[in-house]
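Spelled out from the first residue to the last, the chains are:
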Amino acid sequence: MTAVLRGLTWDHPRGYQVLDALAGALEPEITVHWDRQSLEDFESRPLRTLAGHYDLLVVDHPGLGEA
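Residues numbered from 1 in each chain as written. Predicted model: local features only at pLDDT ≥ 70, side-chain atom pairs only at ≥ 80, totals over all residues. Heavy atoms only, no water.

### Examining the overall build of the protein
In step 1: Assigned secondary structure in the protein consists of 4 helices and 3 strands.
In step 2: Counting only residues that meet the buried cut, the protein has 19% of its 67 residues in that class.
In step 3: On the protein, roughly 5,000 Å² of surface is accessible, and the fraction owed to carbon and sulfur atoms is 55%. (Helix = DSSP H or I, 4+ residues; strand = E, 2+ residues; numbered from the N terminus. Buried < 20%, exposed > 50% of the residue type's maximum accessible area, 1.4 Å probe, protein only. Areas by Shrake-Rupley, 256 points an atom, 1.4 Å probe, with all protein chains shown as cover.)

Written as structure tokens, this is what we have:
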């Protein structure tokens, strides 16, 4: 059985480059589908709202206070 997780990160190399490099490095039973969005989109949707739709969130410095 494969676990499929849904994640969200920033659409910038700092937000997704490491995630792309780690693709396939997890246990074979775990798949993570990463969505990307602009920094402006993070500002317009509260993390609380995003957390209800994603298993994993990668937030950059401006969002840390809210997190």
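So that's the structure; there's more coming.
### Thoughts on the pattern of salt bridges
In step 1: The final tally for this structure, using the stated rule, is 2 salt bridges.
In step 2: The partner of D35 in a salt bridge is R6, with the nearest N and O atoms 3.1 Å apart. A residue pair is termed long-range when its members are at least 10 positions apart, and D35 in strand β2 (residues 30-37) and R6 in strand β1 (residues 3-10) qualify at 29 residues.
In step 3: Using a relative accessible area of 17% as the deciding quantity, one classes D35 as buried. (Salt bridge = Lys/Arg side-chain N within 4 Å of Asp/Glu carboxyl O.)

### A short note on the environment of R14
In step 1: With respect to the element layout, R14 can be found in helix α1 (residues 13-22).
In step 2: Classification of R14 as exposed rests on a relative accessible area of 60%.

### What to know about the confidence of the model for the protein
In step 1: When pLDDT is averaged along the protein, the result is 83; 90% of the residues meet or exceed 70.
In step 2: Ranking the elements of the protein by mean pLDDT puts helix α4 (residues 61-64) last with 63 and β1 first with 91. (pLDDT = per-residue confidence, 0-100.)

### So, the sheet that holds β2
In step 1: Taken together, 3 strands build an open sheet; the order of strands is β2-β1-β3 and the sheet is parallel. Among the strands making up the open sheet, the edge pair consists of β2 and β3 (56-57).
In step 2: In terms of strand pairing, β1 meets β2 through 8 bridges, oriented parallel. Bridging across to β2, V4 finds its partner in T31. (Pairing = 2+ DSSP bridges.)

### Regarding the nonpolar core
In step 1: Grouped together as the largest cluster of nonpolar side chains are 6 residues: L8, W10, F42, L47, L50 and Y54.
In step 2: Contributing elements (two or more residues each) for this core: β1 and α3 (47-51). (Core = buried A, V, L, I, M, F, W, Y, C linked by side-chain atoms within 4.5 Å.)

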